[in-house]
Amino acid sequence: MEKFEYLKAQSLREAVDALARNRGKAAVLAGGTDAIPAMRRGKSSWKLLVDVKGIPSLGGIKAGSRAVSIGSLTTLAELASNPVIIEKLPVLSATALNMASPQVRNRGTVGGNLCNAAPSADLAPPLIVLGAKVKIVARGGERTIPIEEFFEGPGITAISGGRGILASVIIPLPKPGTKISFKTHTPRMAMDLSLVSVAAAVRRDKGRIAEARVALGACAPVPLRCRDAEEALAGTSGEASDAERAVEALCAAARPIGDVRASAGYRRDMAKEMARRALAEVLS
Amino acid sequence: MTLLDFLREYLGMTGTNAGCRTGDCGACTVLLDGKSVNSCLVLACECDGKAVLTIEGLSAGGRLHPLQEAFMDEGAVQCGFCTPGMIMRGVEFLRGNPDPSPAEARVAIEGNICRCTGYENIVKAVLAAARKMKGGGVA
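## Here's the deal with unusual backbone geometry
Right, so step 1: A positive phi angle, near 50°, is found at A100 of chain A, a position not held by glycine.
Right, so step 2: Mapped onto the elements, A100 of chain A comes out in the loop between α5 (90-98) and α6 (102-107).
Right, so step 3: By relative accessible area, A100 of chain A is classed as buried at 17%.
Right, so step 4: Positive phi, normally seen in glycine, also occurs at D33 of chain B, with a value near 45°.
Right, so step 5: Tracing the backbone shows D33 of chain B in the loop between β1 (29-32) and β2 (35-38).
Right, so step 6: Assessed through its relative accessible area of 45%, D33 of chain B is described here as partly exposed.

## What to know about the layout of surface pockets
Right, so step 1: The space that makes up the second largest pocket amounts to roughly 830 Å³.
Right, so step 2: Of all the secondary-structure elements, those providing two or more residues to the lining of the second largest pocket are α3 (76-81), α5 and α6 of chain A together with α3 (83-96) and α4 (102-108) of chain B.
Right, so step 3: Of the residues belonging to the lining of the second largest pocket, the class tally is twelve nonpolar, seven polar and nine charged.

## Points about helix α11 (residues 240-253) of chain A
Residues and elements named next belong to chain A.
Right, so step 1: Here α11 spans 20 Å end to end across 14 residues, near enough to the 20 Å set by a 1.5 Å rise per residue.
Right, so step 2: Within α11, burial applies to D242, A243, A246, V247, A249, L250 and C251.
Right, so step 3: Elements in contact with the buried residues of α11: β12 (196-205), β13 (208-217), α10 (227-233) and α12 (264-283).

## Re the pattern of salt bridges
Residues and elements named next belong to chain A.
Right, so step 1: Taken as a whole and judged by the stated rule, the model has 29 salt bridges over all chains.
Right, so step 2: In this structure, R225 engages E230 in a salt bridge whose closest nitrogen and oxygen atoms are separated by 2.9 Å. In terms of burial, R225 and E230 fall into one category: buried.
Right, so step 3: Residues joined in a network through salt bridges with shared partners are E148, R213, R225, R227 and E230.

## Side note on the interface of chain A and chain B
Right, so step 1: Taken together, the contact pairs 26 residues of chain A with 25 residues of chain B.
Right, so step 2: Area buried by chain A at its contact with chain B is led by R40, Q103 and R107 of chain A, which between them contribute 32% of it.
Right, so step 3: R40 of chain A is the salt-bridge partner of D5 of chain B, the closest N and O atoms lying 3.3 Å from each other.
Right, so step 4: Remark: the boundary between chain A and chain B carries eight residue pairs in polar contact (both at pLDDT 80 or more).
Right, so step 5: Where the side of chain A that touches chain B is concerned, the elements lending two or more residues are α2 (35-40), β3 (48-51) and α6 of chain A.

## Points about the sheet that holds β2 of chain B
Residues and elements named next belong to chain B.
Right, so step 1: With antiparallel pairing, three strands are arranged side by side in an open sheet as β2-β1-β3. Each edge of the open sheet is held by one strand with a lone partner, namely β2 and β3 (52-53).
Right, so step 2: Alignment of β1 against β3, held across two bridges, turns out to be antiparallel. Residue pairing for β3: L32 is matched across the bridge by V52.

## Points about the domain arrangement of chain B
All names here are of chain B.
Right, so step 1: Examined at the domain level, chain B breaks down into domain 1 (3-57) and domain 2 (66-134).
Right, so step 2: Computed from C-alpha coordinates alone, the two centres of domain 1 and domain 2 are separated by 19 Å.
Right, so step 3: Contact residues are listed per partner, giving 17 residues for domain 1 and 14 residues for domain 2.
Right, so step 4: In total, domain 1 and domain 2 occlude about 1,200 Å² of area from one another, counting both sides; carbon and sulfur atoms represent 59% of this.
Right, so step 5: Run the count over domain 1 and domain 2 and you get zero salt bridges.
Right, so step 6: Scanning the region where domain 1 abuts domain 2 turns up six residue pairs in polar contact (both at pLDDT 80 or more).
Right, so step 7: Residue assignment for the side of domain 1 that touches domain 2 shows that the elements contributing at least two residues are β1 and β2.
Right, so step 8: A per-element tally of the side of domain 1 that touches domain 2 places β1 first, with three residues.
Right, so step 9: In terms of residue class, the side of domain 1 that touches domain 2 is built from seven nonpolar, eight polar and two charged.

## So, the sheet that holds β13 of chain A
Residue and element names in this part refer to chain A.
Right, so step 1: Pairing in this open sheet of four strands is antiparallel, and the strands run β11-β12-β13-β14 from one edge to the other. Each edge of the open sheet carries a strand with a single partner, namely β11 (178-185) and β14 (224-225).
Right, so step 2: As defined by bridge partners, β11 adjoins β12 across eight bridges and the pair is classed as antiparallel. Across the sheet, residue K179 finds its bridge partner in β12, namely V202.
Right, so step 3: Along the sheet, α12 makes contact with β11, β12 and β13, crossing β11 at roughly 155°.

## What to know about the nonpolar core
Right, so step 1: Core analysis: the biggest nonpolar cluster contains 70 residues, and L92, L114, L127, F150, I171, L233 and L279 of chain A have the highest contact counts within it.
Right, so step 2: A per-element tally of this core places α12 of chain A first, with eight residues.
Right, so step 3: Discounting chain neighbours no more than four positions away, the residues touching F150 of chain A are L114, C115, V134, I136, I145, I156, T157, A158, I159 and L166 of chain A.
Right, so step 4: In terms of nonpolar packing, the next biggest core, distinct from the first, is built from 27 residues, L31, L67, L94 and L127 of chain B among them.

Cut-offs used in this document
- Residues numbered from 1 in each chain as written.
- Chains lettered and ligands numbered in written order.
- Predicted model: local features only at pLDDT ≥ 70, side-chain atom pairs only at ≥ 80, totals over all residues.
- Heavy atoms only, no water.
- Helix = DSSP H or I, 4+ residues; strand = E, 2+ residues; numbered from the N terminus.
- Buried < 20%, exposed > 50% of the residue type's maximum accessible area, 1.4 Å probe, protein only.
- 1 Å grid on protein atoms, 1.4 Å probe; cavity = no way out; pocket = protein on both sides within 12 Å on 5 of 7 lines; lining within 4 Å.
- Points joined across faces, edges and corners; volume = space filled by probe spheres on them.
- Nonpolar A, V, L, I, M, F, W, Y, C, P; charged D, E, K, R; others polar.
- Expected span 1.5 Å × (residues − 1).
- Contact = heavy atoms within 4.5 Å.
- Salt bridge = Lys/Arg side-chain N within 4 Å of Asp/Glu carboxyl O.
- Buried area = accessible area lost by both parts, 1.4 Å probe.
- Polar contact = N/O pair within 3.5 Å; in protein donor to acceptor, adjacent residues only side chain to side chain.
- Pairing = 2+ DSSP bridges.
- Domains from an automatic or database assignment.
- Axes fitted to C-alpha atoms, helices over the stretch in contact; angles between N-to-C directions.
- Core = buried A, V, L, I, M, F, W, Y, C linked by side-chain atoms within 4.5 Å.

As structure tokens, this is what we get:
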């Protein structure tokens, strides 16, 4: 590992300033489960790591009457075991529990999973279909954007290059009548990335689909919200033929790569299958 | 410097093994403030003011931890490389789940790779330690 400076930030302002002053040379250190191996492999050579774990405002899960706020420092283990999340947003606790290993879940954070911006980041598709927003704190102030706009490319986000810190994820509580499903395909249960993942959320009102959201993971440069698939479902009664039209729309949006884990063709086939399974669950 | 390198190279405490150094194999698992972590994924400077427990610190008053004894009794060790990490992970697991099912014990070690035993006797050892600790042993 190359030499680097380590700053234990005492406040959000100190961390934001340090990142902005060292643009392109500094990175946030949260759980370290991505950052440390990347530095060891020489994939990244940061001159400064800004440890944000001492900033209390970045931690904690707060439940309001209409939304839940998850601090970016929340570990995957905390997300998996938090009673509020288990009760109100079980798709997130189940997803967190399936990620990596207990040791990595004890360190790895929600913010890290999102800011690392892997196209396969497992928290992204369910958060997209939940309609989550992310709160970003930068030098110029804070702003809140839909999570699907946070991802700009593989490893690139709206705050890459020292342009701020992800403070929290804000998730509106699903309206009554909402069904949510998240299907991932991975050859190994532990310590492996999803080859493909599909999340779907559907809300029915008097039998018709009032609202539909569909997102695709690991099949494009970013976790993808698929509006064509959503439009194929909206207003229908959710018959098998409607689901199949949505699956086709989702497959048309998929642009998977082939790599050491799977070929592009295999990913495409599995995207179709995961989409069918996720939609069958939310339309049942 | 990672916590793993600090333990092994600076303190000379080589009970914690260095396997993959990428957080995949679990051989370097230690307890940081009571939670199991891959010490290769933690910087030594991040541990300032925190409690680090390694395999060297597990026995108390000259007595092995019940999980260490169970690993010997059940033949859960072959080459021994994964053993310190398996035991540290098992200690955290049994604190949170003192009466696990075989399936739970198996999932608990999903982040620890063993290339010798086929895991069978490791799972048996975790379950045996749970029974022993319920009987009033050291925790």
